[in-house]
Every structure is written in C-alpha cells, then in structure tokens.
Amino acid sequence: MKKTAGFIKLPESELEVMQIIWDMEREGYKDIHAGEMFKFAPAIGRLKLTTVLTLITRLIGKGFLSVRKVGRVNCYTSLVDETAYKNFATKDFLETMYKNNASGLISALIGGDCLRESDIDALRRYIDESENAE
C-alpha cells in the first residue's frame, strides 16, 4: 500500500533516486535493483554505487521504499505514490517560498518566462474545466 500523507521533504539526492524508481515502475520494471537503475538512468552514473545504496537505505528507513531479496540482489519497490508526494512538495514549496500566495507563484512563472504559451493555454483549459465541473 502506498502512503498518501505524512510525508517528509526529501533531500535532492534522495528525491533523484525516488524519481528514477518511479520512472522505472511506470515503464513496467518489476525487479528494480541498483544495477538496473544505472542502466535506466545513466546520469546517476556520476554517483558511486555505494552512494546510491546509501541513499536507498535512507529511503527504506524513511518508509519510501521496500526491499526484497531476488536471488542475490536486493530489489526495491516504492511505497509512496509519486503524485501524492508531488502534491505534498508543491504545497510545501508554495507555503515556504510564497507564503501560500498561489497567484504570486503563477505571476513568477509567467513573468519569469518559465511557461510557454502552450503551458498557459493548458492552464486556462484546466481552470475552465475545473470551474465547469463544480
């Protein structure tokens, strides 16, 4: 069962490992182990295997991953839903950086050239659909 509440904010390095595991699970990987992670996400190769294993151990301790032995390797499965964690992280960012001022965040995104016109159009459609659903 995946957790949906009671998260803690992950450091960037641990979040990177979780994102790789979430991506691999979305791609249909079942027996995810460190060796497969290095093949799947070559960018993680800048880290040593021992570092990645330490990050995985921390994620297990924090309840983000489970571990099971398959043959001679440890395989990992996420216990935390990616969307739920992203929602938590977004709310935390909004609270921390913008003191819960969502319009300030959106203004910064638009004014800072972070959004393409297609992104803005998609946001408009989403808002319109949300209003019509109520």
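Everything below is about the structure printed above this text.
Throughout what follows, the structure given in this document is the object of discussion.

Rules behind the numbers
- Residues numbered from 1 in each chain as written.
- Predicted model: local features only at pLDDT ≥ 70, side-chain atom pairs only at ≥ 80, totals over all residues.
- Heavy atoms only, no water.
- Axes fitted to C-alpha atoms, helices over the stretch in contact; angles between N-to-C directions.
- Helix = DSSP H or I, 4+ residues; strand = E, 2+ residues; numbered from the N terminus.
- Parallel < 35°, antiparallel > 145°, perpendicular 65-115°, else oblique.
- Contact = heavy atoms within 4.5 Å.
- Nonpolar A, V, L, I, M, F, W, Y, C, P; charged D, E, K, R; others polar.
- Buried < 20%, exposed > 50% of the residue type's maximum accessible area, 1.4 Å probe, protein only.

Viewed as axis vectors pointing N to C, helix H1 (residues 12–26) and helix H3 (residues 49–61) meet at an angle of 85°, and their least axial separation amounts to 10 Å. Relative to H3, the element H1 is oriented roughly perpendicular. Counted together, Ser13, Glu14, Val17 and Met18 of H1 and Leu55, Ile56, Arg58 and Leu59 of H3 form the full contact between these two elements. The residue makeup of the contact of H1 with H3, split by class, is 5 nonpolar, 1 polar and 2 charged.

Another point: unusual backbone geometry. Look at Asn100: it is not a glycine, yet its phi comes out positive at around 65°. For Asn100, the location among the structural elements is in the loop between helix H4 (82–98) and helix H5 (102–111). Judged by its relative accessible area of 51%, Asn100 is exposed. We note that Asp113 has phi near 55°; this positive angle belongs to a residue other than glycine. In this fold, Asp113 is placed in the loop between H5 and helix H6 (117–133).

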